Amino acid sequence: MIDLFAANEGVIAGALVFALLAYSLQVALRAGVFSFAGFAAYGIGAYGSGFLLLEGWNEVGAILVVLVGVALLGWLFAVLLTRLKSLYLAMATLALVLLVQSAALAAEPVTGGALGMYGVPPVVDTLTTLVVTAAVLVGVLLTQRGRPGRRLLALRTDEALAEAMGIDVRRRQRVAFVWSTVLGGIAGICQLSLVGVFTPEDVGFPVIVTTLTVLVLGGTWHWAGPIVGAVLTAFLPFWLAAVGDWRPVVEALVTVLVVIFLPGGLVSLVQRGGGALRGRGRRSKPPEPVEPAAVTPAEMRTEAVR
Amino acid sequence: MLGQLPNAVALASVYTLFTLGLTLCWGVLNVLNLAHGALFAASAFLAYRLTQVVPGIPLWALLPIMAVGIGLLSALVQVLVFAPIRARGAGEHDVEMRTLIAGVTVAAAITTVGAILTEHQPFALPREALEVTTFDVLGAPVTNVQVLLLVAAVVLACGLLGYVRYTRDGRALRAVAVDRRAARLMGIPVRRLEVQALALSGALAGVAGLFFALYLGAGDAHMGDTLLLKAFAIVILAGVGSLGGAVVFAFVLAFVEAYVGYYAGADLRDVAAFALIIVMLLVRPTGLFPRAIGQRA
């Protein structure tokens, strides 16, 4: 076990960072917030921690300052941006990610420009990242069951209904948004520490695409989804060694198939299989947002603003 | 000052062609096709490969090939990906999110193919495709590419507007936008119209991509990425579904960009553009000229 860990440490580290990013996306999605702001926080976390550490800050101080800063920024964005709904929010936060990317390219003295930031003393190792990811997993698991779980289900299924049930929709969604950015920030700190280099290319479309793949493959709504997806995506290259350069195409193909035919991801497959094995009639599908009636485009437009 | 004018107009023409395709799918059909940028880039890199396979192929042959080819590719994405997602969707939000994810993924696949075909290098279309000539208009240097671009943008924008407003299919398309179910009950072939709209949108991306590569003199597999977000901003600014507004704001954004880029540098231009997009989304999420759904297009 220890040998296996040592032999694959690089792959495991990469998988953990993507798992953290996928959790960042999932935490927001579960509350009905379609936000890519976690990726902006990912860039800010990496560059921020790198900057402070290069300035000679001690490790704990730098990490704390970066996380508090990311959380504050997240709160600010949440207040400003959660007025927007669904696609509008997704695109506004995507603009935020690309803004961080172009700012990183432009601010060469601090970020190293296109060549990236390197030479930063590492603050976390793979084992620490594993512990952090496990903690996040437990946190997500705890909020998937019982009262918080039902609250989240209501939030992403029907906001009006949630509101009527006495849930403070805006506050809950803001909290989810802030958690999403904090997790993104943590992922950024880990990435810089584990890889040693961070370039503007690390904040952009490819990372978002890979994270979406991780989440969709694993299971968008299930606590185990990000981990399952991250492990699969990390070890897929070894199984797909034959396809070489065409790997992203194969990944895309698999993702599209899963998006179309298996909305609950691979986790839902296991769950369905498990339910059948137990031989009970109990349905153990993960809670999917089932909307009773399709929203017409006319309603959509008014939904742009809440 | 005047010297930047032809550049701004050419950029505006590219934005117009690109944005019209995007807004046709989103505003009219409620499909935000994030693969649109990749289709745009596909037009450029496929044209580049074609000029390698068939040396000396002229622009007048290349243009219809790319328009039809990318149109078909776009229709294929609709048939194979977006339509099945809608058929299996649990509700509008669910469909929206899965369409978005699938679009990003398809875009990644197309871009990867492009990167492999072009060996991860920027490429230039050969001179034989179109001999670039420059002439003077009121002291400003204007190239024939810029003129062709403007003509293509004007002709295709008018054509699309006419199609959506006055033809039988166009009116049916708008009926689908208002209420898909009611439209189907009225006997409108919803699926066929959706495929048709995606094909038209793809054809526009095909024309835009080819011209953009010609105009810049170079292209790469990722050339559609930033354009997609800018087009999104234009659609929002114009009000989702407003084809006329999209044309107006394509010109506004292009002029702002051309002049900010000229006076303040290219780095700041993109930072400013993305900041502007966020601010605009916050202030007027439904656009400056929001329209009721029935009046769209």
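Residues numbered from 1 in each chain as written. Chains lettered and ligands numbered in written order. Predicted model: local features only at pLDDT ≥ 70, side-chain atom pairs only at ≥ 80, totals over all residues.

As recorded by an unreviewed UniProt entry, chain B carries the name Branched-chain amino acid ABC transporter permease and is attributed to Pseudonocardia xishanensis. Its UniProt record gives chain B the following Subcellular location (unreviewed entry) comment, quoted word for word: "Cell membrane". (UniProt positions renumbered as here; feature names shortened; annotations may be inferred.)

As annotated in an unreviewed UniProt entry, chain A carries the name Branched-chain amino acid ABC transporter permease and is attributed to Pseudonocardia xishanensis.

S.K.: With reference to specific residues and values, describe the packing of helix α13 (residues 247–261) of chain A against helix α3 (residues 59–87) of chain B.
M.R.: Two packed helices can be described by the angle between their axes and the distance between those axes. α3 of chain B packs onto α13 of chain A with a crossing angle of 25° between their chain directions and a minimal axis gap of 8 Å. Looking at the two axes, α13 of chain A sits roughly parallel to α3 of chain B. Between α13 of chain A, through Val 256, Val 259 and Ile 260 of chain A, and α3 of chain B, the contact on the second element is made entirely by Val 81, Pro 84 and Ile 85 of chain B. Across the contact of α13 of chain A with α3 of chain B, the residue classes tally to 6 nonpolar, no polar and no charged. (Axes fitted to C-alpha atoms, helices over the stretch in contact; angles between N-to-C directions. Helix = DSSP H or I, 4+ residues; strand = E, 2+ residues; numbered from the N terminus. Parallel < 35°, antiparallel > 145°, perpendicular 65-115°, else oblique. Contact = placed C-beta atoms within 7 Å. Nonpolar A, V, L, I, M, F, W, Y, C, P; charged D, E, K, R; others polar.)

S.K.: Residues and numbers for helix α8 (residues 146–157) of chain A, please.
M.R.: Helical geometry: 3.6 residues make up each α-helical turn, so side chains three or four residues apart lie on a common side. Residues and elements named next belong to chain A. Here α8 is 12 residues long and its end C-alpha atoms lie 16 Å apart, about the 16 Å a rise of 1.5 Å per residue gives. Along α8, the positions that sit buried rather than exposed are Leu 152, Leu 153, Leu 155 and Arg 156. Angularly, the buried residues of α8 cover 160° about the axis, an arc narrow enough to put them on a single face. Away from its buried face, by an angle of more than 90 degrees, α8 presents the exposed residues Gly 146 and Arg 147. Taken together, the buried residues of α8 touch α2 (9–30), α9 (159–164) and α10 (169–195). (Expected span 1.5 Å × (residues − 1). Buried ≥ 20, exposed ≤ 12 C-beta atoms within 10 Å, placed from the backbone. Arc of directions from axis to C-beta.)

S.K.: So, the interface of chain A and chain B: which residues are in play, and what are the values?
M.R.: Bring the parts together and some accessible area is lost; that lost area is often taken as the interface size. Taken together, the contact pairs 47 residues of chain A with 44 residues of chain B. Among the elements that line the side of chain A that touches chain B, the one with the most residues is helix α5 (residues 86–106) of chain A, at 15 residues.

S.K.: Requested: an account of the confidence of the model for chain A, with residues and values cited.
M.R.: Residue and element names in this part refer to chain A. Across chain A, the average pLDDT comes to 82, with 87% of residues at or above 70. Below pLDDT 50 for its whole length, residues 279–287 participates in 18 contacts with residues either more than four positions away or in separate chains. Contacts of residues 289–306 to residues separated by more than four positions or lying in other chains number 40 contacts, the stretch itself having pLDDT below 50. (pLDDT = per-residue confidence, 0-100.)

S.K.: How would you summarise unusual backbone geometry if you had to cite specific residues and measurements?
M.R.: Residues and elements named next belong to chain B. Although it is not a glycine, Glu 119 sits at a positive phi angle of roughly 55°. Positionally, Glu 119 belongs in the loop between α4 (92–117) and β1 (134–137). Of the residues examined, Glu 119 has 8 C-beta atoms within 10 Å and is grouped as exposed. We note that His 120 has phi near 60°; this positive angle belongs to a residue other than glycine. Structurally, His 120 can be placed in the loop between α4 and β1.

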